Amino acid sequence: MTIAAEGTETADSRSQGATATLERGIDWTGAFWVASGVPPLVLFSIGSVAATVGKLSWLVWTASIAMGFVQSFTYAEIAGLFPNKSGGASVYGAIAWVRYSKLVAPVSVWCNWFAWSPVLAIGSGLAAGYILSGLFAPDSVVNTWQLTLLDLSAVKSGLTLRINAVFLLGAAILLGVKTIQDGGILRSANTTKILGISALIPLLLIGITPIITGDLVQSHFFPLVPLGHVADGTVFAGTWDRQGWTVIAGGMFLAAWSTYGFETAVCYTGEFKDPKTDTFKAIFYSGLLCVVVYTLVPFAFQGFLGLGELVKPAVLDAHGTVVSPAEYNGMLAPDIYSGMGVARVMARMVHIGGSMGGAFVMVMLILAIVLSIMTSMSGSSRTLYQASLDGWLPKYLSRLNSHGAPSNAMLTNLGFNLLLLLMSDYVFVLAAANVGYLIFSFLNLNSGWIHRLDRPSQARPWRAPTWIIAAGAVLSFVNIAFVGMGADVSGAGTLRSGLIFAALILPVFVYRHYFQDKGEFPAATADDLEMSEGVKAPRRAGILPYVALVAGVAVMLVTHYLAA
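Below or above, wherever it landed, is the structure these notes cover.

Rules of the game
- Residues numbered from 1 in each chain as written.
- Predicted model: local features only at pLDDT ≥ 70, side-chain atom pairs only at ≥ 80, totals over all residues.
- Heavy atoms only, no water.
- Phe/Tyr/Trp six-rings, centres within 6.5 Å; stacked < 30°, edge-to-face > 60°.
- Helix = DSSP H or I, 4+ residues; strand = E, 2+ residues; numbered from the N terminus.
- Salt bridge = Lys/Arg side-chain N within 4 Å of Asp/Glu carboxyl O.
- Buried < 20%, exposed > 50% of the residue type's maximum accessible area, 1.4 Å probe, protein only.
- Lys, Arg positive; Asp, Glu negative; His and termini not counted.
- Contact = heavy atoms within 4.5 Å.
- Axes fitted to C-alpha atoms, helices over the stretch in contact; angles between N-to-C directions.
- Parallel < 35°, antiparallel > 145°, perpendicular 65-115°, else oblique.
- Nonpolar A, V, L, I, M, F, W, Y, C, P; charged D, E, K, R; others polar.
- Core = buried A, V, L, I, M, F, W, Y, C linked by side-chain atoms within 4.5 Å.
- Expected span 1.5 Å × (residues − 1).
- Patch = residues over 30% accessible without salt bridge, like charges linked within 9 Å, V, L, I, M, F, W, Y side chains within 5 Å.
- Areas by Shrake-Rupley, 256 points an atom, 1.4 Å probe, with all protein chains shown as cover.
- Left-handed = near helix turned anticlockwise from the far one by under 90°.

### Quick word on the packing of aromatic side chains
Inspection of every chain in the model, using the stated rule, returns 30 aromatic pairs. An angle of 80° between the planes, with centres 6.0 Å apart, marks the rings of Y100 and Y546 as edge-to-face. Remark: Y546 occurs in helix α22 (residues 544-562) and Y100 occurs in the loop between α5 (89-97) and α6 (104-116); sequence separation between them is 446 residues. An aromatic cluster is defined as three or more aromatic residues linked by ring pairs; in this entry it consists of W28, F32, F69, F73, F280, F284, Y285 and W462.

### Details of the pattern of salt bridges
Inspection of the entire model under this criterion finds seven salt bridges. Across the pair R460 and E77 runs a salt bridge whose closest N-O atoms are separated by 3.1 Å. Taken as a pair, R460 in the loop between α17 (426-454) and α18 (466-486) and E77 in helix α4 (residues 57-80) lie far apart in primary sequence, 383 residues in all. Taken individually, R460 and E77 each receive the classification buried, so the pair is uniform in this respect.

### Some points on unusual backbone geometry
Cis rather than trans, the peptide bond between F222 and P223 has omega equal to 5°. Despite not being glycine, K518 has its phi angle at roughly 55°, a positive value. Its place among the elements puts K518 in the loop between α20 (505-516) and α21 (523-528). Taking relative accessible area as the criterion, K518 reaches 65% and is therefore assigned exposed.

### Thoughts on the side chain of E263
Mapped onto the secondary structure, E263 falls in the loop between α11 (242-259) and α12 (275-305). Of the buried charged residues, E263 lacks a salt bridge, with R382 as the closest side chain of opposite charge at 13 Å. Sequence-distant contacts of E263, that is, excluding residues within four places in its chain, are made with Y75, A89, N112, W116, I283, Y437 and F440.

### What about the environment of L438?
With respect to the element layout, L438 can be found in helix α17. On the basis of relative accessibility, which here comes to 0%, the residue L438 falls in the buried class. For the pair formed by L438 and V478, sequence separation is 40 residues and the distance between their alpha carbons is 9.7 Å. When near neighbours in sequence (up to four residues on either side) are disregarded, L438 contacts F253, A256, Y260, N479, I480, F482 and V483.

### Let's talk about the environment of S490
Tracing the chain through its elements places S490 in the loop between α18 and α19 (494-503). Under the relative-accessibility criterion, S490 is labelled buried at 10%. In sequence terms S490 and G251 are 239 residues apart; their C-alpha atoms lie 9.0 Å from each other. Ignoring anything within four residues of it in the chain, the contact list for S490 reads K156, F253, L254, Y337 and A431.

### Here's the deal with α5
The element α5 is extensively covered by neighbouring structure, given that nine of its nine residues are classed as buried. Turning to α5, its buried residues number three or more, namely A89, S90, V91, Y92, G93, A94, I95, A96 and W97.

### Quick notes on the packing of helix α3 (residues 42-53) against α11
Where α3 contacts α11, the two axes come as close as 9 Å, and the packing angle between them is 180°. Regarding the angle of α3 to α11, the classification is roughly antiparallel. Here α3 contributes V42, F44, S45, S48, V49, T52 and V53 to the contact with α11, which in turn contributes V247, I248, G250, G251, L254, A255, W257 and S258. By residue class, the composition of the contact of α3 with α11 is nine nonpolar, six polar and no charged.

### A few points about the nonpolar core
If you look at the biggest cluster of nonpolar residues, it comprises 164 residues, and the most contacted ones within it are L43, F44, F253, F301, M346 and W392. In terms of residues, this core owes the most to one element, α17, which gives 16 residues.

### Side note on helix α16 (residues 407-421)
Taking 1.5 Å of rise per residue, the 15 residues of α16 would be expected to cover 21 Å, and the 21 Å separating its terminal C-alpha atoms lies within 8% of that figure. Looking at α16, one finds that the buried residues are S407, N408, A409, M410, N413, L414, F416, N417, L420 and L421.

### Section: the side chain of S286
Inspection of the secondary structure assignment puts S286 in helix α12. A residue is classified by how much of its surface remains accessible, and S286, at 2% relative accessible area, is buried. In this structure S286 touches F32, A35, F262 and A265, once residues within four positions along its chain are discounted.

### Some remarks on a nonpolar patch on the surface
Judged by side-chain polarity, V141, W145, L147, L149, L150 and L168 come together as a nonpolar surface patch covering roughly 570 Å² of accessible area. Among the secondary structure elements, W145 is positioned in the loop between α8 (141-144) and β1 (147-151). W145 sits in the partly exposed class, given a relative accessible area of 33%.

### With respect to the packing of α3 against α4
Between α3 and α4, the shortest axis-to-axis distance is 9 Å and the interhelical angle comes to 125°. Between α3 and α4, the interaxial angle falls into the category oblique. Between α3 and α4 lies a crossing whose hand is right-handed. Facing V42, S45, I46, V49, A50 and V53 of α3, the residues of α4 in contact are S57, V60 and W61. Here the residues of the contact of α3 with α4 sort into seven nonpolar, two polar and no charged.

This is the structure:
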């Protein structure tokens, strides 16, 4: 199956999900509103970043969104090369790599998907937690009951699969979002526009109000040194030594999962009315929105709440083993680290209408998270769909429903995230997924210059300045350094878990390509690869892509070795 050049559909094709095509029903503003679910991702990791780097948190967020904005222009160019494809930047980048390795290309698509998909589980879990904490006391049986299904301590200490009220309510939220998404991209875009306006207003108020009211405390920002960590949970003002830089890498690693996410705006190229102009506008204006939110909100949140003070020292047994770690309030509080307490603090920051005003802000933040879930389900399901069309993933994922929505891909997303929703530590899920996300970023940023060399004469609706493509290539190695040095700051085994999951695509691709497709790509993919009767186009980049891969692995290994 291929996507029709002009997105045309017949009644017959609509009645047969396997031959339907994506519907060209939106312009760049539709993708902008779908991508407006990215700014609320700051709620997911604002606490974990602060608990990692300390008073440098706001600078980490600012640096991270600046990197994401520069990188996005590479994605805008390569998306324009394939105006009839959906699925996002990873799909366009994979086409550059497949000439050089059939195995590297699907890794890029897979890593992008499994990084974006957990937004569904983490977001629905946070939204459920906000609702339950607003309706019931923390020690209520509703909030405390739990049925443990499986101990996953071998993966990460304390990790389990469990059923509790958060899982049940989160699952209901996921099912509700999928029902909306089943109606196609136009209905999804209209719904997210309503949610986007509702959600972005409180985020902007949270970022601006404390500055106007003078609620920012100068001491909450200084001194500008990384946070030092002790094994018993105690923290202190660190120094700019190897441990300090490891902490900064850990913070940049976590922040990237949120700040780079507006690249999802190019997931809908195959559904744009005019992809030649809509693609660049979608990612550019989505990026500007994220720059505002990711700069203001962390700055205001830190200035209002502060890092926190010790409220409960660590408890050790007779052998010096930690029985319970030290506990802090402020941004180091456990519920801020997990994200569950972030909304309550933000409700206090706005200063409107007393308790009723706080409840209003809480509701708006819940809507913001639902918006993030919708953004993720839209983008990640289309990545699965296009990867199936292109021959990377199983064929069943390319089935569309009567509304032109990738129904089987969304069902797969839903099942995967119901499993993740069972996990007891969402920060670990985020960090492990982000290993894949930064691998995708590395491959995709380098695909920019590979496409330039291999497709010098292909029309580019928008052409990035050459220095932007070069900057993206440099930043790709910076991202890999964050993975090597910073991933395990989120917990021992994070890097290992992320790499193992990234490798799971290889047997899946081998089965699809060599057993189902007999070593041949679908016709549309062969056209994208500029293959004529089985003859591949010349590899003008020569050995440079292989050099980049070897250098990337080397950077990851060296920085992991240097991590304190």
